[in-house]
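Each chain, written out:
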Amino acid sequence: MDNLYKSFQKCKKGTDWKASVQYYEADIMRNITKARRGLINGCYRQKPFSEFDISERGKHRHIRALHISDRVIQRNLCDNILNPHLFKYLIHDNGASIKGKGIEFTRKRLQCHLERYYRKHGNKGYVLLIDFSKYFDNIPHDILCKKIAEKIHDGRIVNLTRYLVSTFGDKGVGIGSQLSQTAGIFYPTELDNFCKIVRRCRYYGRYMDDTYIIHESKDFLRDLLEEYKAIAERLGIIINAKKTQIVKLEKGFSFLQIRYNITESGKIIKRPARKGIVRERRKLKKLAGLVSKNRMTLPQIKEQYKSWRGNAVRYNAYKSVRNLDALYKSITGETYGRERNGKTDGAGANRGRNPHARFKAGRADQRHRRLEGSEDLRGTAGGRG
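These notes cover the structure that comes with them. Since the model is a prediction, treat every value here as computed from it, not as a measurement.

### Some words on the sheet that holds strand β3 (residues 126–131)
(1) Moving on: Spatial ordering of the open sheet is given by β4-β5-β3-β6, a layout of four strands whose pairing is antiparallel. With partners counted over all chains shown, the strands left at the sheet margins are β4 (203–207) and β6 (245–248), one partner each. When strand polarity is set aside, the average angle formed by the axes of neighbouring strands in this sheet is 15°.
(2) Moving on: Relative to strand β5 (residues 210–215), β3 runs antiparallel, the two sharing six bridges. By the bridge assignment for β5, Y126 is matched with H215.
(3) Moving on: Each of β3, β4, β5 and β6 is contacted by helix α10 (residues 218–235), which is oriented at about 20° to β3, the strand it contacts most.

Rendered as structure tokens:
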């Protein structure tokens, strides 16, 4: 009962405005008692999905959302049983949707691997980029449940997991449930172990269905890719041939919407992918049209742009940020960041967060004032003479 109640408290965060969540909370003790009884008796049945489509970064995705009563059960199952038992078998460089990790963790690990590789081999080498095609839609239920049963030796848990997975159809797990995230993180563990342990790839990382492998030999990566494809085919995972490629490190490559270039001196230059900047420019213009139709307010545009800009200023994108700042000012009439001599400082927000930069700016202002004061005094003395 306590676990079910705690799971509900986590599920309602950000969704407590929904009527279904409020109805569930209004009779919370009866609802979690009913859920517990159904799980113990083995008669729990999931409600139908709420299905809809979204467009994310130009990709159309089909979402299958769960009712709040089913989300509470899946949260309880994943947080208290599946994740603690399955995630301890993951490699350290698997950073997708795991507590304490995420997309920023994977980007930092990639930079760490590039730095370590450069210290041994310079910027001469290759990176193998692997992408899965329709990853969630192609996960076979039988192999997934078999792998879970190998790690969790409890028939009730395995049967419940097998039932929840079967609700997605004959194949694949839908996007929109926590069980799908857990399955997507854990399922390719065999591929991770093959690369890290069997082939001893030191510079390897994976974020859900995106993988990178850095090595000094192109032939090694070619042979590795063939073995990788054989294991993926046995697991039922389809590799996207268009996005899977071997690239020279010195020419640069893109991973997780960031463009990486490593120079001869070892400096790693990170730029946001061009398509992300183009997408943000188009979005600002589209939101401006919604404001003119009174379907959106300027503060809402500011919050959206603030989120995008906060991420962009951490990379080498000074000119792109300045250009989008100018577009933002033409739409809202407000200047984002500092303005000096009529020009917007694209790194103004960043300087405000850096204590060392604030200290240097303060010392520069003090020197400037002292110089101005000394000139005034000299002028006055000259006049008196």
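### Things to note about the packing of aromatic side chains
(1) Moving on: Enumeration over the complete set of coordinates arrives at 11 aromatic pairs.
(2) Moving on: By the ring-pair criterion, three or more aromatic residues cluster together here, those being F132, Y135, F136 and Y228.
(3) Moving on: Its end group placed over the ring of Y163, R45 keeps NZ or CZ at 4.9 Å from the ring centre.
(4) Moving on: Sitting above the plane of the Y89 ring, K151 keeps its charged end 4.2 Å from the centroid.

### Concerning the nonpolar core
(1) Moving on: Ranked by size, the top nonpolar core spans 61 residues in total, and within it L82 and I213 carry the most contacts.
(2) Moving on: Among the elements that line this core, the one with the most residues is α10, at eight residues.
(3) Moving on: Non-local contacts of I213, meaning those with residues more than four positions away in its chain, are made with Y126, V127, L128, I130, C195, C201, Y203, Y204, L221 and L224.
(4) Moving on: Counting 18 residues, the second-largest nonpolar core is a separate cluster that includes V127, L249, L256 and I262.

### A few points about unusual backbone geometry
(1) Moving on: Its identity is not glycine, yet S97 carries a phi of approximately 55°, on the positive side.
(2) Moving on: Within the secondary structure, S97 sits in the loop between α4 (68–86) and α5 (103–121).
(3) Moving on: Judged by its relative accessible area of 43%, S97 is partly exposed.
(4) Moving on: With a phi close to 70°, Q257 is a non-glycine residue in the positive phi region.

### Brief notes about helix α8 (residues 178–186)
(1) Moving on: Within α8, seven of the nine residues are buried, which leaves it mostly tucked inside the rest of the structure.
(2) Moving on: Within the sequence span of α8, burial applies to L179, S180, T182, A183, G184, I185 and F186.
(3) Moving on: Packing partners of the buried residues in α8 comprise α4, α6 (141–151), α7 (155–166), α9 (189–198) and β4.

### Regarding the side chain of T15
(1) Moving on: You can see T15 is positioned in the loop between α1 (2–11) and α2 (19–26).
(2) Moving on: Apart from the residues lying within four places of it in its own chain, the contact partners of T15 are V21 and R71.

### Here's the deal with the packing of α6 against α7
(1) Moving on: Running from amino to carboxyl end, α6 crosses α7 at an angle of 155°, the nearest separation of the two axes being 10 Å. Judged by the angle between their axes, α6 and α7 are roughly antiparallel. When you trace α6 past α7, the crossing you get is right-handed. Between α6 and α7, the residues in contact are H141, L144, C145, I148 and A149 and V158, T161, R162, V165 and S166, respectively.

### Points about the state of the cysteines
(1) Moving on: Following the criterion strictly, the structure yields zero disulfides and no others.
(2) Moving on: Here C201 is not disulfide-linked; the sulfur of C195 is the nearest cysteine sulfur, at 5.2 Å.

### So, the pairing of strand β9 (residues 268–272)
Sheet faces and side chains relate simply in a regular strand, where the side chains alternate between the two faces.
(1) Moving on: Burial of β9 is extensive: four of the five residues sit out of reach of the surface.
(2) Moving on: In the sheet, strand β8 (residues 258–262) pairs with β9 via five bridges, with the strands oriented antiparallel. Looking at the pairing, I258 lines up with P272 of β9.
(3) Moving on: Hairpin connection, β8 to β9: the antiparallel pair is bridged by five residues, and G266 has positive phi, about 100°.

### A few points about the sheet that holds strand β7 (residues 253–255)
(1) Moving on: In space, the three strands of this open sheet follow the order β7-β8-β9, with antiparallel pairing throughout. Edge positions in the open sheet fall to β7 and β9, since each of these has one partner strand only. Taking the axes of each pair of neighbouring strands and ignoring which way they run, one obtains an average angle of 30° across the sheet.
(2) Moving on: Relative to β8, α5 is tilted by about 15°, and along the sheet it contacts β7, β8 and β9.

Parameters at a glance
Residues numbered from 1 in each chain as written. Predicted model: local features only at pLDDT ≥ 70, side-chain atom pairs only at ≥ 80, totals over all residues. Heavy atoms only, no water. Pairing = 2+ DSSP bridges. Helix = DSSP H or I, 4+ residues; strand = E, 2+ residues; numbered from the N terminus. Axes fitted to C-alpha atoms, helices over the stretch in contact; angles between N-to-C directions. Contact = heavy atoms within 4.5 Å. Phe/Tyr/Trp six-rings, centres within 6.5 Å; stacked < 30°, edge-to-face > 60°. Lys NZ or Arg CZ within 6 Å of the ring centre and 35° of its normal. Core = buried A, V, L, I, M, F, W, Y, C linked by side-chain atoms within 4.5 Å. Buried < 20%, exposed > 50% of the residue type's maximum accessible area, 1.4 Å probe, protein only. Parallel < 35°, antiparallel > 145°, perpendicular 65-115°, else oblique. Left-handed = near helix turned anticlockwise from the far one by under 90°. Disulfide = S-S within 2.5 Å.

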